[in-house]
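Residue strings, one per chain:
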Amino acid sequence: MARRRQIYEGKAKILYEGPEPGTLIQYFKDDATAFNAQKRGTISGKGVLNNRISEHIFTSLATIGVPTHFIRRLNMREQLIRQCEIVPIEVVIRNVAAGSLSKRLGIEEGTQLPRTIIEYYYKDDALGDPMIADEHIACFGWASQDEMNDIADMAIRVNDFMCGMFAAIGIRLVDFKLEFGRVWDGDYSRIILADEISPDGCRLWDMKSNEKLDKDRFRQDLGGEAEAYQEVARRLGLLREDDEFAVLDLDSHRKKRGK
Ligand code: TMP
């Protein structure tokens, strides 16, 4: 098979040219980074699990009318997506105090917030993804006011949906990060949900034990990160009990055979 053209390589994913114009292939790696890539490692099988988890969440969101870049999953590590112009803003939605919010404002981790908070960060690794306000977004033209209204509305819808989805499987959605993109139709553009939604960019705590089932296990050297991601996939019904290790093993066999 002819080698595909690589469009972009990020920390956890690679984008390749898609089979048709306006499409891309999103490949999920096992690589994990934290603290602006100062900490690096791999979580074995993460790419396979994130591909499945993200597929599940994006297709579920599509059924409630949230437009997304997801078209279909192609194989264990790849999905076909719609090409879009990524808005250079990371949108963080918080329901419970944790992470940088707790640090910045001295609020104890685990405190339920009286209302959901949406924060914006400028997507620039060299600057360490600084937090920004609406004023900066308008001033530097990163997104229009209409686009920001759509982004905030969608972020709240995604949060409401995901809080319910995770609560149903005994998981508290503490916070998470979204990215959005612009797709053009002639002179008009609209905003769609892009990137991925997976334990890499969400804080997910077991409701009973408060055990962390997300990338904080890697960030904080807690160990058991692959098992935590698997547990999320299992509770979402994406892995059969007897299938848990088979999925990952199959993948490592393929890699060994160089396929
Ligand atoms: P924070 O508490 O470190 O600001 O993170 C908030 C949420 O956003 C958390 O669920 C992890 C996610 N996140 C990312 O996905 N990528 C990032 O670069 C950062 C800083 C956070």
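About the cut-offs
- Residues numbered from 1 in each chain as written.
- Predicted model: local features only at pLDDT ≥ 70, side-chain atom pairs only at ≥ 80, totals over all residues.
- Heavy atoms only, no water.
- Helix = DSSP H or I, 4+ residues; strand = E, 2+ residues; numbered from the N terminus.
- Rg over C-alpha atoms; globule rule 2.2 N^0.38 Å.
- Buried < 20%, exposed > 50% of the residue type's maximum accessible area, 1.4 Å probe, protein only.
- Contact = heavy atoms within 4.5 Å.
- Core = buried A, V, L, I, M, F, W, Y, C linked by side-chain atoms within 4.5 Å.
- Near = heavy atom within 4 Å.
- Polar contact = N/O pair within 3.5 Å; in protein donor to acceptor, adjacent residues only side chain to side chain.
- Areas by Shrake-Rupley, 256 points an atom, 1.4 Å probe, with all protein chains shown as cover.
- Nonpolar A, V, L, I, M, F, W, Y, C, P; charged D, E, K, R; others polar.
- UniProt positions renumbered as here; feature names shortened; annotations may be inferred.
- Phe/Tyr/Trp six-rings, centres within 6.5 Å; stacked < 30°, edge-to-face > 60°.
- Lys NZ or Arg CZ within 6 Å of the ring centre and 35° of its normal.
- Pairing = 2+ DSSP bridges.

Enquirer: Just to check I follow, could you spell out the overall build of the protein chain for this structure?
Expert: Helices and strands together make up the secondary structure of the protein chain, namely seven helices and 14 strands. Its C-alpha atoms give the protein chain a radius of gyration of 18 Å, near enough to 18 Å, the size a compact globule of 259 residues would have. On the principal axes, the C-alpha backbone points of the protein chain span a range of 50 × 50 × 35 Å. Here the protein chain holds 259 residues, and the buried ones make up 49% of them. Put simply, 58% of the contacts in the protein chain that link residues at least 6 apart link residues at least 24 apart.

Enquirer: Even after reading the chapter, I still don't get the nonpolar core, so can you show me in this structure?
Expert: For soluble globular proteins, nonpolar side chains are generally found buried alongside one another. Counting 50 residues, the largest nonpolar core has Ile89, Met162, Phe166, Leu178 and Ile197 as its most contacted members. Ranked by the residues each element gives to this core, the list is headed by helix 4 (residues 145-167), at nine residues. If we skip the residues at most four places from it in the chain, Phe166 touches Ile57, Ile171, Leu173, Leu204, Val232 and Leu236.

Enquirer: How should the site of the ligand be read in this particular structure?
Expert: If you check the shell around the ligand, you find 15 residues, and the closest are Arg94, Ser100, Asp175, Lys177 and Arg203. The side chain of Asp175 places a nitrogen or oxygen atom 2.6 Å from an oxygen atom of the ligand. In the model, an oxygen atom of the ligand is placed 2.9 Å from a nitrogen or oxygen of the Arg203 side chain. In isolation the ligand has 450 Å² of accessible area, and contact with the protein removes 77% of it. Residue assignment for the shell around the ligand shows that the elements contributing at least two residues are strand 9 (89-96), helix 2 (99-105), strand 12 (171-185) and strand 14 (202-206). For the shell around the ligand, the residue count by class is five nonpolar, three polar and seven charged.

Enquirer: Looking at this structure, I do not really get the UniProt feature "domain: SAICAR synthetase/ADE2 N-terminal" (unreviewed entry) in the protein chain. What am I missing?
Expert: Here, the residues flagged by UniProt with the feature "domain: SAICAR synthetase/ADE2 N-terminal" (unreviewed entry) are residues 6-235. In residues 6-235, the share of helix is 30% and the share of strand is 36%. The end C-alpha atoms are 34 Å apart.

Enquirer: Is there a simple way to explain the packing of aromatic side chains in this structure?
Expert: Each pair of aromatic rings is reported with the distance of its centres and the angle of its planes. All chains considered together, the criterion is met by two aromatic pairs. Considering the side-chain rings of Tyr122 and Trp142, the 4.0 Å spacing of their centres and the 15 degrees angle between planes classify their relative orientation as stacked. In this pair, Tyr122 is assigned in strand 10 (residues 112-122) and Trp142 in the loop between helix 3 (134-139) and helix 4, connecting sequence segments 20 residues apart. Looking at Tyr122, the relative accessible area reads 19%, which means it is buried. Aromatic side chains Phe140 and Trp142 sit 5.2 Å apart centroid to centroid with 35 degrees between the ring planes, which places their arrangement in the tilted category. Judged by its relative accessible area of 52%, Phe140 is exposed. Among the aromatic residues, those joined into a ring-pair cluster are Tyr122, Phe140 and Trp142. Just above the ring of Tyr16 sits the side chain of Arg4; from NZ or CZ to the centre is 4.2 Å.

Enquirer: Would you mind going over the pairing of strand 3 (residues 23-28) with me for this structure?
Expert: For a regular strand, side-chain orientation follows a simple rule: the groups alternate between the two sheet faces. Burial of strand 3 is extensive: five of the six residues sit out of reach of the surface. As paired elements, strand 2 (residues 13-17) and strand 3 share five bridges and run antiparallel to each other. By the bridge assignment for strand 3, Leu15 is matched with Gln26. Where strand 2 folds back onto strand 3 in an antiparallel hairpin, the turn is made up of five residues, including Gly22, whose phi is positive at roughly 85 degrees. Direction of pairing for strand 3 relative to strand 7 (residues 78-82): antiparallel, over a ladder of five bridges. Across the sheet, the residue bridging to Ile25 is Leu80, located in strand 7.

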